[in-house]
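Coordinates in review
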Amino acid sequence: MAKIAVMGYGTIGSGVVEALSMNQKSIQAKTEEEVSVKYVLDLRDFPGDPIQEKIVHDYQVIAQDPEISVVVETMGGVEPANTFAMAMLKAGKSVVTSNKALVAEYGAELMETARENSCNFFFEASVGGGIPIIRPLYTCLTPDVVTEIAGILNGTTNYILTEMSQKGVSFEEALKEAQALGYAERDPSADVEGHDACRKIAILSSVAMGRKVVFTDIHTEGITHVTTEDFAYAKELGMSIKLLGISKMADGAMESIVAPFLIRADHPLYSVQDVFNAVMVTGNVVDQLMFFGRGAGKLPTAAAVVADVIEAVKLKDVSEALPWSKEVLTPDDYRSYESRFMVRLPESMDEKLYQELFRPQKVLKGIVAGELAVITESMTEAQYLEAAKKAGNVIGSTRLY
């Protein structure tokens, strides 16, 4: 029998316990032994809940129990999650987590500790909820050099942008609806400012490149400035607007950005709606692959956690070498990246001036009262910023993907 512990009995932790019970026979067939939850670590007690008999309040109880082989961390946040996870790994226990903040901050260090102690650190659920993406990156795609990862990595922002696109509501109205449905937190800043997606693209980039990509080094913009007027132009162009996390790799260098992008209707990411997530991976051998599904939620995320638990049980006393070193890979300065931009300008702007500054390939008039929009030729971010500064009265801009 494989005995495991779960640290954190919130939404995901309780989902893990539920999934292990729900599919006990199927899991046993895959691991060739019964998987049983011995402890659940939480600050709270749960009187009347059958889980209460397994509740402990001191993580050392788990760390010091030789019967525990796998520990699931679903507490969230960086601390005390990192301290607890490190203690488990140093005790030779594999750790499975859904905690993107922990993985983005200390993934490389936790991986190294796992290797040193002949155990494993798995984090499939940290990026795409129930979408399998981490393991395919370092197993199925090993013959490839990954050249690009681009994804819709946050269900909350995708829901908000879908509502704005389909119903014509404002950002504020769509956010209130997302909060009412439980998709957005009372403080939604981690989602709507792009920080959640940033951590996820940092993790994916680190796995793909084998070096630590620090999420704070990635240029990040959220969706709070996206308006119904932007969607009016998108509709005219036959496009939609999505918050994307993108990393492009070439010759050991990397470009990485999180921002809203206009996406054409024939692109696979265009049709990803509501709270769904999708990740596109481009390799120099396999070309393009797309991973799609629910990027969050109790049971979808629990499914990915339990899949890692099964793998950890099967790999008892064997460390699976995921190539992620502590060597830092810093993305190039985002101002060197090239894009085309949709730039919204006052209708009264002198045509000669905007033609000179933005060299538009297309001009859109009559879509929004009092303004026009131009689609620029490809230019660097630095060139765009300089042109916008000279224009002096840019209403807004969105990159094209």
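For the structure given in this document, a descriptive report is provided here.

Cut-offs used in this document
- Residues numbered from 1 in each chain as written.
- Predicted model: local features only at pLDDT ≥ 70, side-chain atom pairs only at ≥ 80, totals over all residues.
- Heavy atoms only, no water.
- Helix = DSSP H or I, 4+ residues; strand = E, 2+ residues; numbered from the N terminus.
- Rg over C-alpha atoms; globule rule 2.2 N^0.38 Å.
- Buried < 20%, exposed > 50% of the residue type's maximum accessible area, 1.4 Å probe, protein only.
- Pairing = 2+ DSSP bridges.
- Contact = heavy atoms within 4.5 Å.
- Axes fitted to C-alpha atoms, helices over the stretch in contact; angles between N-to-C directions.
- Salt bridge = Lys/Arg side-chain N within 4 Å of Asp/Glu carboxyl O.

Here the focus is the overall build of the protein chain. Helix and strand counts for the protein chain stand at 15 helices and 17 strands. Taking 2.2 N^0.38 as the reference for a compact globule, 401 residues should give roughly 21 Å; the C-alpha atoms of the protein chain span a radius of gyration of 23 Å, in line with that estimate. Overall size of the protein chain, expressed as C-alpha extent along the three principal axes, is 75 × 45 × 35 Å. Per-residue burial for the protein chain yields a buried fraction of 54% across its 401 residues.

What follows covers the pairing of strand β15 (residues 371-375). Of all five residues in β15, five are buried; the element is thus mostly enclosed. Of the two faces of β15, both are covered, the one formed by E371, A373 and I375 as well as the one formed by L372 and V374. The pairing of strand β13 (residues 338-346) with β15 spans five bridges and is antiparallel. Bridging from a neighbouring strand, V343 pairs with V374 of β15.

Strand order across the open sheet formed by six strands is β3-β2-β1-β4-β5-β6, with parallel pairing between neighbours. In this open sheet, the two strands that pair with only one neighbour each are β3 (55-56) and β6 (121-122). Inspection of the sheet shows strand β1 (residues 2-7) paired to strand β4 (residues 68-73) by five bridges, in the parallel sense. Across the sheet, the residue bridging to M7 is E73, located in β4. Against the sheet, helix α13 (residues 298-314) contacts β1, β2 (35-41), β4, β5 (94-97) and β6, and its axis sits at roughly 160° relative to β4.

Another aspect to go through is the pairing of strand β12 (residues 287-294). Two strands pair when backbone bridges link them, and strand β11 (residues 276-283) and β12 are joined in this way by eight bridges, in the antiparallel orientation. Counted as the bridge partner of G283 is D287 from β12. Hairpin remark: β11 followed by β12, antiparallel, with three residues in the connecting loop.

Following the criterion strictly, the structure yields 19 salt bridges and no others. A salt bridge links R211 to E327; its shortest N-O distance comes to 3.6 Å. Here the residue R211 occupies a position in the loop between α11 (195-209) and β8 (219-220), and E327 occupies one in the loop between α13 and β13, the gap between them amounting to 116 residues. The residue D230 makes a salt bridge to R344 at a minimum N-O spacing of 3.0 Å. Residue D230 is located in helix α12 (residues 228-237), and its partner R344 is located in strand β13; the two are separated by 114 residues in the primary sequence.

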